[in-house]
Amino acid sequence: AQNWKEHNRSWESWLELDSFERGRFAGAVERTLEQGYQITTFDLLERQDPDARRKLYDLDCDAGKNIPGEDDLTQPSFERYWERISQKPNYRPDLWFVALDSSGNFAGISQLYLREADSDLSTGFTGTGTAHRRKGVALALKLKAIEYALERGAPRIRTDNSQANRPMLSINEALGFQKQPAWIEYKLEWNKARSGLGAREKNLALFGLS
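## Points about the overall build of the protein chain
From N to C terminus, the protein chain includes 7 helices and 8 strands. Expressed as a percentage of its 210 residues, the buried residues of the protein chain come to 39%. Of the contacts made within the protein chain by residues no fewer than 6 positions apart, 70% connect residues no fewer than 24 positions apart. Carbon together with sulfur atoms contributes 47% to the accessible area of the protein chain, which is approximately 12100 Å² in total.

## Re the pattern of salt bridges
Opposite charge on two side chains permits pairing when their charged atoms draw close. Throughout the structure, instances matching the rule amount to 14 salt bridges. Residue Arg166 pairs with Glu173 through a salt bridge whose shortest N-O separation is 2.9 Å. For Lys179, the salt bridge is made with Glu173, and the minimal N-O distance between the two is 2.6 Å. Judged by its relative accessible area of 35%, Lys179 is partly exposed. Counted as one network, the salt bridges with shared partners bring together Glu12, Glu16, Arg115, Asp118, Asp120, Arg156 and Arg158.

## Here's the deal with helix H4 (residues 78–86)
Every buried residue belonging to H4 is among Tyr81, Trp82 and Ile85, and all of these are buried. The arc that holds every buried residue of H4, seen down its axis, measures 85°, which confines them to one face. Looking at the buried positions of H4, the neighbouring elements they touch are helix H2 (42–48), helix H3 (52–64) and strand E3 (96–100).

## Remarks on the nonpolar core
Soluble globular proteins tend to bury their nonpolar side chains together. Residues Leu112, Ile157 and Leu175 are the most contacted members of the largest nonpolar core, which totals 29 residues. For this core, the secondary structure elements donating two or more residues are helix H1 (28–33), E3, strand E4 (106–114), helix H5 (137–152) and helix H6 (166–175). Broken down by element, this core gets its largest block of residues, 9 residues, from H5. Within the second largest apolar cluster, 18 residues are counted, among which are Leu45, Tyr57, Ile85 and Tyr91.

## What about the packing of H3 against H4?
Contact geometry for H3 and H4: axes closest at 11 Å, N-to-C directions at 100°. It follows from the interaxial angle that H3 and H4 lie roughly perpendicular. Packed against H3, whose contacting residues are Arg53, Arg54, Leu56, Tyr57 and Asp60, the element H4 presents Phe78, Tyr81, Trp82 and Ser86 at the interface. Residue classes in the contact of H3 with H4 are distributed as 5 nonpolar, 1 polar and 3 charged.

## Looking at the confidence of the model for the protein chain
Within the protein chain, residue pLDDT values average 88, and 87% of them lie at 70 or more. Across residues 202–210, where pLDDT falls below 50, the model places 16 contacts with residues more than four positions away in sequence or in other chains.

## Topic: the environment of Lys142
Residue position: Lys142 is located in helix H5. Counting along the chain gives 33 residues from Lys142 to Ile109, while the straight-line C-alpha distance between them is 8.9 Å. The contact partners of Lys142, leaving out residues within four places of it in the chain, are Ser110, Thr123, Thr126, Thr159, Ile171, Asn172, Leu175 and Phe177.

## Side note on the pairing of strand E5 (residues 121–128)
Working note: regular strand, side chains alternate between the two faces of the sheet. The element E5 is largely enclosed, with a buried count of 7 among its 8 residues. Connecting E4 to the antiparallel partner E5 that follows it, the hairpin turn spans 6 residues. Bridge analysis of E5 against strand E6 (residues 156–162) gives 2 bridges, and the strand direction is parallel. Note that in E6 the partner of Leu121 across the bridge is Ile157. Traced from E5 through H5 to E6, the parallel crossover comes out right-handed.

Cut-off values and rules
- Residues numbered from 1 in each chain as written.
- Predicted model: local features only at pLDDT ≥ 70, side-chain atom pairs only at ≥ 80, totals over all residues.
- Heavy atoms only, no water.
- Helix = DSSP H or I, 4+ residues; strand = E, 2+ residues; numbered from the N terminus.
- Buried < 20%, exposed > 50% of the residue type's maximum accessible area, 1.4 Å probe, protein only.
- Contact = heavy atoms within 4.5 Å.
- Areas by Shrake-Rupley, 256 points an atom, 1.4 Å probe, with all protein chains shown as cover.
- Salt bridge = Lys/Arg side-chain N within 4 Å of Asp/Glu carboxyl O.
- Arc of directions from axis to C-beta.
- Core = buried A, V, L, I, M, F, W, Y, C linked by side-chain atoms within 4.5 Å.
- Axes fitted to C-alpha atoms, helices over the stretch in contact; angles between N-to-C directions.
- Parallel < 35°, antiparallel > 145°, perpendicular 65-115°, else oblique.
- Nonpolar A, V, L, I, M, F, W, Y, C, P; charged D, E, K, R; others polar.
- pLDDT = per-residue confidence, 0-100.
- Pairing = 2+ DSSP bridges.
- Right-handed = clockwise from strand over helix to strand, strands pointing away.

Okay, structure coming up:
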């Protein structure tokens, strides 16, 4: 017999900006900057540093390894990575907030994207390099992104998180993001008796017809 089990649960979460409590995070960005970090946007870095794209790619590869539940994540090549980004109609490097350490190394990123359907903003990847974790970098980047959204007059910011990514869920929950109805993925586990079935028999069993 087949056995369906919950494999993953994820949510889109919304931060309603008219109810965001700025005072709760007073000094959070400053505490990160006091450690020698600076926060800027990727469009400015591209103008100043011809290697900015390579450095961002390397940061993404490093930070991506720290995402819980993404152990089997295969990173695309540098060329494919930027080809995919450049094809996105809503790619705005001025909405990608990047943290640099005191040596100018890329330490973290939080991306915002415009939405065609409404005036909301969507969060892309937020992550920090391995050497910069647990230093408040991700929170500072998220707060900078929220500051931009407030100045823009956006009604809300949307983001997506898997239940496996508890560190980022915790940051978003602390900021006031509210979970929407969950997306639940199920995985079909076959017992040993079914392991020798042919393709037709497996398809019948999959739909409960065997």
